[in-house]
Amino acid sequence: GYFTKNRVSESMQFGFRTVGARTALGSRQSVRVDKDTGFLVHAHARTDGLCCLAITDEEYPSEAIFVGMAEVFRAFLSENKNNEWRDSAKQGDHKDASKAIKALFTRFQDPKEADKALKIKEEIKNIKGIMAKNIEQLLEREETLVKLAQKSEDLSLGSKALAGHARSLNSCCRMY
């Protein structure tokens, strides 16, 4: 068929190279390479010429991918000290990602793992939901307590009235 692994790989490589070449140094951007697919190519070009590219679907938060790319840059530069990567960059793409970098991209499959702020926002959202539920339950309990207090007061008034009525009935039948 038309969509063979090689053809898809070549298309992705072309998209990566195009977006990477058109990203100004010191900037980041997200570009839809093909309008028919729901995929974006994200590029982060450092001022020293090092560029990191990633492809995601539209739903993946762009803040998370750029936070993840910063981590990938740190890992890459710690493995390639003294700008050794510059020599290989002149020869073309640097495709051989280390195990550490591959592990980072695997970990970033979940955006909450890439962006700690996103993870915290999600936790806050969950906590807000729990707190809203707790407040709702407290209000329901308060309604129940108010109803019970009212019934208790009604019973107290009723028992006082009954005691008064019983005293008035018993007043005629005193034993001496």
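Residues numbered from 1 in each chain as written. Predicted model: local features only at pLDDT ≥ 70, side-chain atom pairs only at ≥ 80, totals over all residues. Heavy atoms only, no water.

Moving on to the packing of aromatic side chains. What the rule picks out here adds up to 0 aromatic pairs. Lying over the aromatic face of Phe 73, Arg 46 brings its terminal NZ or CZ to 5.5 Å of the ring centre. (Phe/Tyr/Trp six-rings, centres within 6.5 Å; stacked < 30°, edge-to-face > 60°. Lys NZ or Arg CZ within 6 Å of the ring centre and 35° of its normal.)

Another aspect to go through is the confidence of the model for the protein. Per-residue confidence for the protein averages 79 on the pLDDT scale, and 85% of its residues sit at or above 70. Mean pLDDT across the secondary structure elements of the protein bottoms out at helix H3 (residues 85-90), with 62, and peaks at strand E1 (residues 27-31), with 90. (pLDDT = per-residue confidence, 0-100. Helix = DSSP H or I, 4+ residues; strand = E, 2+ residues; numbered from the N terminus.)

Another point: the packing of helix H2 (residues 62-79) against helix H4 (residues 99-107). For the pair H2 and H4, the least separation of the axes is 9 Å and the interaxial angle reads 170°. As summarised for this structure, H2 and H4 are arranged roughly antiparallel, according to the angle between their axes. Judged by residue contacts, Glu 71, Val 72, Ala 75, Phe 76 and Glu 79 of H2 engage Ala 100, Ile 101, Leu 104, Phe 105 and Arg 107 from H4. Its residues assigned to classes, the contact of H2 with H4 shows 7 nonpolar, no polar and 3 charged. (Axes fitted to C-alpha atoms, helices over the stretch in contact; angles between N-to-C directions. Parallel < 35°, antiparallel > 145°, perpendicular 65-115°, else oblique. Contact = heavy atoms within 4.5 Å. Nonpolar A, V, L, I, M, F, W, Y, C, P; charged D, E, K, R; others polar.)

So, about the nonpolar core. In terms of nonpolar packing, the biggest core is built from 16 residues, with Ile 65, Met 69 and Val 72 touching the most fellow members. Among the elements of the structure, strand E3 (51-57), H2 and H4 are those that each provide at least two residues to this core. With 8 residues, the top contributor of residues to this core is H2. Among residues more than four places away in sequence, those in contact with Met 69 are His 42, Ala 43, His 44, Cys 52, Leu 53 and Ala 54. (Core = buried A, V, L, I, M, F, W, Y, C linked by side-chain atoms within 4.5 Å. Buried < 20%, exposed > 50% of the residue type's maximum accessible area, 1.4 Å probe, protein only.)

All told, the structure shown has 3 salt bridges when counted by the stated rule. Of the charged contacts, one joins Asp 48 and Arg 46 as a salt bridge, the two residues approaching to 2.7 Å between their closest N and O atoms. Glu 71 is the salt-bridge partner of Arg 107, the closest N and O atoms lying 3.2 Å from each other. Pair noted here: Arg 107 is in helix H4 and Glu 71 is in helix H2, with a separation of 36 residues, a long-range link. Residue classification places Glu 71 among the partly exposed positions, given a relative accessible area of 21%. (Salt bridge = Lys/Arg side-chain N within 4 Å of Asp/Glu carboxyl O.)

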